[in-house]
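# A closer look at the structure
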Amino acid sequence: MLRSSLSGLTPLLLLGCHAVPASEQPKAAAESSPPVNYGASQPNKVKPFKTTAIATFDSPWALAFLPDRRMLVTEKPGRLWLATGTGQKTEVRGVPKVHFEGQGGLLFVAASPRFAQDRQIYLTYSEPGEGGDGLALARATLDLTSAQPMLRDLKVIWRQLPRGAGGQFGGYIAFSPDGRYLFLASGERQRFTPAQDPNQALGKILRLTLDGAPAPGNPGAGKVGTASVGVIDPPENSGAAAKAPVRTVTLTEPNLTPAEIWSTGHRNPYGLAFDANGRLWETEMGPQGGDELNLIEPGRNYGWPIVSYGKNYDDTPIASPAGNRTYQEPALYWTPVIAPAGLTFYNGAMFPQWRGSAFIGGLASTALIRVAFDRGVPREADRWDMGARIRAVTTGPDGALWILEDGTDGRLLRLTSGRAG
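Here we summarise the structure given alongside this text. (Residues numbered from 1 in each chain as written. Predicted model: local features only at pLDDT ≥ 70, side-chain atom pairs only at ≥ 80, totals over all residues. Heavy atoms only, no water.)

### Examining the overall build of the protein
When its secondary structure is counted, the protein shows 4 helices and 27 strands. A globule of 421 residues ought to have a C-alpha radius of gyration of about 22 Å, and the protein, at 20 Å, matches this closely. When the backbone C-alpha atoms are referred to their principal axes, the protein occupies close to 55 × 50 × 45 Å. Burial status across the protein gives 59% buried among its 421 residues. Long-range contacts, defined here as pairs at least 24 residues apart, represent 60% of the contacts in the protein between residues at least 6 apart. Total accessible area on the protein is roughly 16600 Å²; 50% of this is exposed by carbon and sulfur atoms. One way to put it: in the protein the 42 positive side-chain charges average out to a point 4 Å from where the 38 negative ones average out. (Helix = DSSP H or I, 4+ residues; strand = E, 2+ residues; numbered from the N terminus. Rg over C-alpha atoms; globule rule 2.2 N^0.38 Å. Buried < 20%, exposed > 50% of the residue type's maximum accessible area, 1.4 Å probe, protein only. Contact = heavy atoms within 4.5 Å. Areas by Shrake-Rupley, 256 points an atom, 1.4 Å probe, with all protein chains shown as cover. Lys, Arg positive; Asp, Glu negative; His and termini not counted. Charge placed at Lys NZ, Arg CZ, Asp CG, Glu CD.)

Right, here's the structure in full:
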């Protein structure tokens, strides 16, 4: 059984340039009491917002607002759109080639923290290549000076190597509150054991510079991984992963993964966001049960695939994290699953009663979920049935909530104050 070399480190909160001792950090809910299971929560009967359909997209995945209030919207088949709040759409040229299959394709989009000055955006996607595909992080300049928007000088600044088979790419991005660092969620590609391997980026949250290099102050800063890495194809369950055939791949460049890692032991991270207090939170899909909301702290091991509140898809059990001090428990979890996708913290003016709340999209649950925080401890406060799989949710500069439906005719919706009719 592989085990991360990061477990057991004293965590420091190194989100920007300041280090906060562990004794001064907010404690995760799991440290003081067992996490609550909200899987049986039922939708509210009344929606306290109006829903307006703005535009329709083909398998949309993420959206990001620009300073002028226009949006960038990704479609998994490999298209990027510039959209207005009234629904006008213009395709952006210069998007990199993606491998669109299953869970792969064009994934996340984010505007640079200094977009007003540098006009740069970041994209994540499944990049095809030798041996299969892998998660890639690219940066490009968004040229809006002509009628046809264009990505210029696109460069891949980080890529998951070696490539291989499997879905669950992750791909979510969050910038540190000071705008100096980029956090990247990297899924475990349905391969299980690499999530505990410190030599592979799979199943990790990484902390990088804006240029894609390992960030200074990471728990493993300065470490270099092994030159050869074992790769397996997705096995059917966690037990089978330990016995799966392994092929050894020798990397052509130094393995910087240990120096990039911020946290370990993640399955399929589909949400990553900072709250107003500068704490980093993640939503993560479990297998059969065990979807998680996690407070992400440096050097912590979140246990996948060794422990989970879910079980394998063939009904074989996975050890419970309850009482296991080796691994960080989730702040809360869902069994049955909601299939979380997207995470945003609300601090707008349109819904003042929800300031400080987190909003999570639900795929399997076809829901929008609000999580409130009572003295820092999260609880599911509201759930609204949206009648469609929700792929993404974000807070707009107008104070509205903006969500993307999943699917080939997924709608961009704007949620505003006022009860639905």
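### Quick look at the sheet that holds strand β12 (residues 181-186)
In space, the 4 strands of this open sheet follow the order β11-β12-β13-β16, with antiparallel pairing throughout. Since the sheet does not close on itself, it has two edges, and those belong to β11 (170-175) and β16 (261-264), each with one partner. Between one strand axis and the next, the sheet turns by 20° as a mean value, whatever way the strands run. The sheet contact formed by strand β13 (residues 204-209) and β16 spans 3 bridges and is antiparallel. (Pairing = 2+ DSSP bridges. Axes fitted to C-alpha atoms, helices over the stretch in contact; angles between N-to-C directions.)

### Regarding the sheet that holds strand β19 (residues 291-296)
The strand order β1-β20-β19-β18-β17 describes an open sheet built from 5 strands, whose pairing is mixed. A single partner strand is all that each edge strand has here, and the edge strands are β1 (36-37) and β17 (268-274). Pairing of β1 with strand β20 (residues 332-334), which is carried by 2 bridges, proceeds in the parallel orientation. Its bridge partner lying in β20, Asn 37 is registered against Tyr 333.

### Quick word on the pattern of salt bridges
Tallied over the full model, the rule gives 20 salt bridges. Two residues, Asp 211 and Arg 139, come together in a salt bridge whose shortest N-O distance is 2.8 Å. Linking Asp 211 in the loop between β13 and β14 (228-231) with Arg 139 in strand β9 (residues 132-143), this pair joins segments that are 72 residues apart in sequence. The class of Arg 139 is buried, set by a relative accessible area of 18%. (Salt bridge = Lys/Arg side-chain N within 4 Å of Asp/Glu carboxyl O.)

### Some thoughts on the side chain of Asn 199
Within the secondary structure, Asn 199 is located in the loop between β12 and β13. A distance of 3.0 Å separates a polar side-chain atom of Asn 199 from the backbone nitrogen of Thr 226. Setting aside residues up to four positions removed in sequence, Asn 199 forms contacts with Gly 225, Thr 226, Val 229, Asn 255, Thr 257 and Pro 258. (Polar contact = N/O pair within 3.5 Å; in protein donor to acceptor, adjacent residues only side chain to side chain.)

### A few points about the packing of aromatic side chains
One pass over the structure, following the stated rule, counts 18 aromatic pairs. Ring centres of Phe 351 and Trp 354 lie 4.7 Å apart, and the angle between their planes is 20°; this geometry places the pair in the stacked category. For Phe 351, a relative accessible area of 1% gives the class buried. Every member of this aromatic cluster is reached through a ring pair, and the members are Phe 49, Tyr 346, Phe 351, Trp 354, Phe 359 and Trp 384. Over the ring of Phe 57 we find Lys 89, and its NZ or CZ is 4.5 Å from the ring centre. (Phe/Tyr/Trp six-rings, centres within 6.5 Å; stacked < 30°, edge-to-face > 60°. Lys NZ or Arg CZ within 6 Å of the ring centre and 35° of its normal.)

### Structural notes on the pairing of β13
Within β13, 6 of the 6 residues are buried, which leaves the element mostly enclosed by the surrounding structure. Two elements, β12 and β13, share 6 bridges in a ladder whose sense is antiparallel. The residue bridging Ala 185 from the neighbouring strand is Ile 205, located in β13.

### A closer look at the environment of Ala 116
Secondary-structure assignment places Ala 116 in helix α2 (residues 115-118). We classify Ala 116 as exposed; its relative accessible area is 55%. Spatially, the C-alpha atom of Ala 116 lies 37 Å from that of Gly 225, the residues being 109 residues apart in sequence.

### Here we look at the nonpolar core
Ranked by size, the top nonpolar core spans 55 residues in total, and within it Leu 72, Leu 80, Ile 121, Leu 137, Ile 173, Leu 182 and Leu 184 carry the most contacts. Those residues in contact with Ile 173 that sit more than four places away from it in its chain are Phe 108, Ala 110, Tyr 122, Thr 124, Leu 137, Leu 182, Phe 183, Leu 184 and Leu 272. Leu 295, Trp 334, Ala 358 and Ile 360 belong to the second largest nonpolar core, which has 16 residues in total. (Core = buried A, V, L, I, M, F, W, Y, C linked by side-chain atoms within 4.5 Å.)

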